[in-house]
Amino acid sequence: MAVMLGLGLWGLDRGTMWRDESATYQMARRTLPQIRDALGTVDAVHGLYYLLMHPVLALRPSEVTMRLPSVLAAVTATALVATLGCHLARPRVGLWAGLLYATTPVVTHYAQEGRSYALVAASATGATYLLVDAAGLAPGTSRGGRRADRPARGPALAPGGGAALAPGPAAGSAPTPTPGTGAASRPAGRVGEAAPGIRVRPAVRARGDVPRLEPGPPGGPEARGHAAGWRWAAYGGVVAVTALLHVFAVLMLAAHALTLLVSRAPRRVWWGWGSAAAGAVGAVAPLALAARRQSAQIAWMRHPTPGRLWAVVEDFAGPSALVLAVNLLLIAIAVIRPRRRSLTAVALPLICVPPVLLFALALHRPCFHERYLLFALTGIPLLAAAGADRLAGAAAGRLGRGETARPAAAGADPPVGVLADGAPGAGVDRPPRAVAGRLATAGADRYRLAGAVTGRLGRGKAARPSGVVGDRPVRAVADGLPRAVASRLARAVAGRRRAVVAAAGAFAVGCAFVWQFPLHQREREPLSRQDDLAALSAAVGRLTRPGEPVLYDPPKERRIAIAYPRPLAGLRDIALATPGPASGTLYGVDVGPTELLRRLDGTRSAWLIAADEPEARSPKAATLTGHFRLAYSLCLPGIRLEHYVRTGLAHGTEGPGAPPTEDLGGHAADRGQGPLRTSGVTPLTRGFEGGHR
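Remember, predicted model here, so these are calculated numbers, not experimental data. Each chain has its residues counted from 1, running along the sequence as written. It should be noted that, the model being predicted, local features are given only for residues of pLDDT at least 70 and side-chain atom pairs only at 80 or more, the latter also being counted only at that level, while totals for whole chains, interfaces and linings use all residues. With hydrogens and water stripped out, all remaining heavy atoms of the structure feed into the side-chain values.

Another aspect to go through is the overall build of the protein chain. When helices and strands are counted, the protein chain shows 25 helices and 10 strands. Contact criterion: two residues are considered in contact whenever any of their non-hydrogen atoms come within 4.5 Å of each other. In the protein chain, of all internal contacts separated by at least 6 residues, the share reaching a separation of at least 24 is 76%. Methods summary: accessible areas were calculated by the Shrake-Rupley approach with a probe of 1.4 Å, and residue burial reflects only the protein chains presented. Here the protein chain displays about 32500 Å² of accessible surface, and carbon together with sulfur accounts for 61% of that area. In this description a helix means any DSSP run of H or I spanning at least four residues, a strand means any run of E spanning at least two, and both kinds are numbered starting from the N terminus.

So this is what it looks like as structure tokens:
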């Protein structure tokens, strides 16, 4: 979380906003009735986001304030990714997954953008976490979300009255179990198991190694069913909110359905998930219909090719070639040889299903873009971290390190982990035999007397029956105490080893971040976005004079004056009929051609700010033709600034705002605009697609 917070705040103030951020800036600053009216005509898919940003920008309307919610959402998503890794695998997997997510350049890109995509990613990750909890997908939970009875830690309980074991007799003598209350009337079970019909809850080590019963689930089946219902209700609510933030986030339901299918979820889990999913779909259906009516906003998109899918993979798992190759290798290891099947069942559908479904939908109606799929990125760091954990475990096993204690063979001493924790396979590494032998020899004389004394004092008390662990009687305290010390030593060694492995993985993620550091720097520059409205506004302000008329064609180019009005404050927006807030639109409504010519009567010149799109035709430029002539045209990043003077005026009388002429060759001739001149502003080079949504 600290890493993501630091990366999110680093370079947050770029000194400018781009076109989509300007839409957030102006919509969120309107009154609630004005926002409601505008959503009926445009940007319905971002309606909830605008409502959330309304009180934020009311505190302080600035670029940094507008981006702070995205930073906090990215921090939340990072914490949820790490939590998923811990629940589905182990703590170091969660640590690595969180660091991988935080240091991915595309994550920091949207974390520093005043749009809804970082919030969608955080909310979708929260929905995935609630799915894991409600469906019981994490190891150690039963299907339905209730924590399963875990192996007992510490001394086991007698099958009888559940009394703790008293210290046994001296070494070499077999302990005699004392039946607890009602023990004689209960059937005996197999060795190492509870008797049939008896539910034994796990024992938890308490102070002084005295076991106590772990509290079971409160209430009966009805109470547990009620709790499961609330879990599914929370899941459905979060899914609905996520889809209301952006409608394409509903695709995560298909990924979650595949997760349940692969996990072989029982019928009650399917019933709970189906009810929650149906409620979420019902809540978002009206928004989907409204978005379909406003689909002209994404008319700039084109039908995708398979290369677009690969581009998404590069952005999410890379984007540098080395980091991309390593991540894909780790993901392949996690998928082909899974060590954490529950993690694979959750993460793999999340990164595969939504992109494929959106790609298929885009073949019918173009709507494919990486930002709509940011919520699916969660699965990539989880699988990469799981693959790294698989490699670390294999390396440790090959070197003889990190192997768990094996069950005791017939006639051999049981593992230390079993004697110390009472749970075979509890994951405690067996200490070296030499260490255990030295500890036992050094303490034999010391504990023999203690064993004899405690054996006499403990007669008549409940004792552990023989055969609870393996086929051998449980050793007396005289042997148990040295083994406990050895077990603690083994735990310390194993814990230190795990810490070293976790630190090594974190260091590897840090190296990947350093390798991609230039990409992170580039994301914090104004050129990282499609346009720089602050620079455009300043450039137009330098070239124009107060009182001159200006036309915006199409009206969306008015966003320059809306985002940064000060340099253009002296210009007359001569084509504007009704401003955006009053008309229920983003950029206002313009007058018709006849009214425009009437308003231009008596003017000697006019400025035209037009979209720099080769296929776009400028209706306002066509209106000016015949009454005005094009004096010069200036190509700025994303726009064309054209200066028209009235026909009949002598050359050189167009005013002092003309930039130095520099012919750019055939580019202007292709548009039939005459010589194209530039003020030296370099166009953006990063490949963006235009539009707004």
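Okay, the environment of His256 next. Within the secondary structure, His256 sits in helix α10 (residues 252–262). Spatially, the C-alpha atom of His256 lies 9.0 Å from that of Trp273, the residues being 17 residues apart in sequence. Beyond its immediate chain neighbours, meaning those up to four positions away, His256 contacts Ala127, Thr128, Leu131, Tyr235, Trp273 and Leu350. For His256, the side chain forms a polar contact with the side chain of Thr128, separated by 3.1 Å. We call two N or O atoms a polar contact when they sit within 3.5 Å, provided that within protein one can donate a hydrogen and the other can accept it, with sequence-adjacent residues counted only if both atoms are side-chain atoms.

Quick look at the environment of Thr41 now. By the element assignment, Thr41 lies in the loop between α3 (32–39) and α4 (47–59). Overall, Thr41 belongs to the partly exposed group, its relative accessible area being 45%. In this structure the C-alpha to C-alpha distance between Thr41 and Gln294, which are 253 residues apart in sequence, comes to 7.1 Å. The residues contacting Thr41, other than those within four sequence positions of it, are Gln294, Gly584 and Thr585. Exposed residues in this analysis have more than 50% of their type's maximum accessible area, buried residues have under 20%, and partly exposed residues fall in between, with area computed by a 1.4 Å probe over protein chains only.

This part covers the packing of α10 against helix α14 (residues 341–364). Only the stretch in contact is used when fitting a helix axis, every axis being a line fitted to C-alpha atoms; angles between N-to-C directions are given from 0 to 180 degrees. Contact geometry for α10 and α14: axes closest at 8 Å, N-to-C directions at 140 degrees. Of the possible angle classes, the one that applies to α10 and α14 is oblique. As α10 runs across α14, the sense of the crossing is right-handed. Of α14, the residues touching α10 (which contributes Ala254, Ala255, His256, Leu258, Thr259 and Val262) are Ala345, Val346, Pro349, Leu350, Val353, Pro354 and Leu357. Here the contact of α10 with α14 is composed, by residue class, of 11 nonpolar, two polar and no charged. An angle below 35 degrees is treated as roughly parallel, one above 145 as roughly antiparallel, one from 65 to 115 as roughly perpendicular, and anything else as oblique. Should the near helix be turned anticlockwise from the far one by less than a right angle, the crossing is left-handed, and should it be turned clockwise, the crossing is right-handed. As a working rule, the residues Ala, Val, Leu, Ile, Met, Phe, Trp, Tyr, Cys and Pro are called nonpolar, Asp, Glu, Lys and Arg charged, and the rest polar, with Gly in that last group.

Running from N to C, α10 and helix α11 (residues 267–293) point in directions that differ by 175 degrees, and their axes come no closer than 12 Å. It follows that α10 is roughly antiparallel to α11 by the angle criterion. Along its contact with α10, which presents Leu253, His256, Ala257, Leu260 and Leu261, the element α11 presents Val269, Trp270, Trp273, Ala277 and Val281. Grouping the amino acids of the contact of α10 with α11 by side-chain chemistry returns nine nonpolar, one polar and no charged.

A few words now on the side chain of Ser528. Within the fold, Ser528 resides in the loop between α19 (517–523) and α20 (533–543). For Ser528, a relative accessible area of 1% translates into the label buried. A polar contact is formed between the side chain of Ser528 and the backbone oxygen of Glu525, at a distance of 2.6 Å. Side chain to side chain, Ser528 and Arg529 meet in a polar contact 2.9 Å long.

Across the seven residues of strand β7 (residues 605–611), seven count as buried, placing the element largely inside the fold. Here β7 shows no split at all, with Ser605, Trp607, Ile609 and Ala611 on one side and Ala606, Leu608 and Ala610 on the other all buried. In terms of strand pairing, strand β3 (residues 549–553) meets β7 through four bridges, oriented parallel. Pairing of Asp553 across the sheet is with Ala610, part of β7. Examined bridge by bridge, β7 and strand β9 (residues 639–646) share seven bridges and lie antiparallel to one another. Looking at the pairing, Trp607 lines up with His643 of β9. A pair of strands counts as paired when DSSP detects no fewer than two bridges linking them.

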